[in-house]
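Structural overview for review
The chain contents come next:
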Amino acid sequence: MAQAQGMHIDGERWRLSRKDTETRRRLWSNLYLLDKTIALSLGRPFAIVDQQCLVEKASNVWLDDMGDEEAASAPVQPIEDPTPSVASRLCHELAIIIGAIQEKCFGLFTVSYDTVLALDREMLQWRKSLPTYFRLDDPDLSLDSRLSFLPWNRLHIHSMYHFARVTLHRPYLLRPSITNRFRVSHDACISSACADLSMRLQALSQPLQDRLRWTLGPHYLFNSALVLGIIAVRDPASSRSLAILEDLAAYCEMQRRDIWVNEFALAEVKIVELCIKKARELRGVSDTTVSNVPSVVRPVPDMHTPSSLEDMHLSIPHGPDGLDQAGSLDFSGLGGSASWQPLPWDDSFTFPEAVDLQSWELVLDSITQTQNK
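You'll find the chain entered in an unreviewed UniProt entry as Transcription factor fungi, with Macrophomina phaseolina given as the organism. Under the UniProt heading Subcellular location (unreviewed entry), the entry covering the chain gives this text: "Nucleus".

Take the packing of helix α6 (residues 183-204) against helix α9 (residues 239-257) next. One can describe the packing of α6 onto α9 by two numbers: an axis separation of 10 Å at closest approach and a directional angle of 40°. Viewed along their axes, α6 and α9 adopt a mutual orientation that is oblique. For the element pair α6 and α9, the recorded crossing hand is left-handed. When α6 is examined against α9, the residues L197, R200, L201 and L204 are found in contact with a partner set consisting of D247, L248, A250, Y251, M254 and Q255. By residue class, the composition of the contact of α6 with α9 is 7 nonpolar, 1 polar and 2 charged.

Turning to the nonpolar core, a few remarks are in order. Formed by 42 residues in total, the largest nonpolar core has its most connected members in W28, I101, W126 and F134. Per element, the largest residue contribution to this core is 11 residues, and it comes from helix α3 (residues 84-105). There are two domains that each give this core at least three residues, and those are domain 1 (1-70) and domain 2 (110-215). L228, A250, M254 and W360 belong to the second largest nonpolar core, which has 37 residues in total.

All right, on to the pattern of salt bridges then. Oppositely charged side chains can form a pair if their charged atoms are brought close together. Summed over the entire model, instances satisfying the criterion amount to 14 salt bridges. In this structure, the salt-bridge partner of R165 is D120, at a minimum N-O distance of 2.7 Å. Taken together, the positions of R165 in helix α5 (residues 150-169) and D120 in helix α4 (residues 113-128) put the pair 45 residues apart, joining distant regions of the chain. Summarising the burial analysis for this pair, R165 and D120 share the class buried. Among the salt bridges present, the one from R154 reaches D144, with a minimum N-O distance of 2.9 Å. Placement of the pair is R154 in helix α5 and D144 in the loop between α4 and α5, with a sequence separation of 10 residues. Using a relative accessible area of 12% as the deciding quantity, one classes D144 as buried. Beyond isolated ion pairs, a larger network of salt bridges with shared partners links D10, E12, E22 and R25.

Right, let's talk about the environment of M254 for a bit. Locating M254 in the fold gives a position in helix α9. Placed 54 residues apart in sequence, M254 and R200 show a C-alpha to C-alpha distance of 9.7 Å.

Criteria and thresholds
Residues numbered from 1 in each chain as written. Predicted model: local features only at pLDDT ≥ 70, side-chain atom pairs only at ≥ 80, totals over all residues. Heavy atoms only, no water. UniProt positions renumbered as here; feature names shortened; annotations may be inferred. Axes fitted to C-alpha atoms, helices over the stretch in contact; angles between N-to-C directions. Helix = DSSP H or I, 4+ residues; strand = E, 2+ residues; numbered from the N terminus. Parallel < 35°, antiparallel > 145°, perpendicular 65-115°, else oblique. Left-handed = near helix turned anticlockwise from the far one by under 90°. Contact = heavy atoms within 4.5 Å. Nonpolar A, V, L, I, M, F, W, Y, C, P; charged D, E, K, R; others polar. Core = buried A, V, L, I, M, F, W, Y, C linked by side-chain atoms within 4.5 Å. Buried < 20%, exposed > 50% of the residue type's maximum accessible area, 1.4 Å probe, protein only. Domains from an automatic or database assignment. Salt bridge = Lys/Arg side-chain N within 4 Å of Asp/Glu carboxyl O.

Here it is in structure tokens:
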């Protein structure tokens, strides 16, 4: 529909007003991100072909409240004084990388692990380029009180980054290697999954009207909670797995209380609850019902209060490359070596769909049998 209206061609080429052009650029960037994200999450081809598009990225200027004459001469703001257009521009840049991930890593042909690492470096470079108020680690919050859109733009950007990075590395999370060749993927998956779950817990604690107004909540994509659930089932006895289980239970509870939760999110919740149950059984907990998993959710005064994952000292990376000074993370409490044994159900190390609960029961049973050997 957008292409039928010519949005894939920049407004300047159509000789539109500057106000209309900037509005179309923002809208196109959001549609572009949506297209690349859907393709990556569902494994489907893109609807937008880059070679057939001629659209400039949005400028850091907000013209919606101006008339055409005033908008024509409005200056572009410095990056230190953001408008909502900054988030659209950054998301467009991230969407280009997401498109490359889908095209190079989840296409019809076998992908080299070097390609995965190269794409990860592109993501880390994009991360380093973020302005201070959008940084993934210790962002500058001084503008939040004046610019109400900024916390929600930050949530949107961070959630998309974690979604893309977990998706890129997830096929290598459980691959065996006597040389720890896939350690980067192991660390990247767990660190992004922990950060994403922490962010979701904080966002779900915000008033419903705010979540509906700004973003409808973070992206309910089948990634972070699933990765942590698998980790807990694989290493149920560690103290850090207990922290993961508590936060996963809190997340599921908050999702079920959300009156706007969709069917796909509920399907994810059921699988995460199944992971919690299996992990508690392996821990030897007599009462394995999810409802009795202790909740650690506390009132969150704002969107930047750490969740219990951080309170329990789970090793979430804080360096710009997602790694500590030694070049890797301390996940010894999550089972030590990253070179776990391969799972028996799928040689490609792919996971079933979120709605396929029966297949997930078989997957978790396979993990349980491996643990008992």
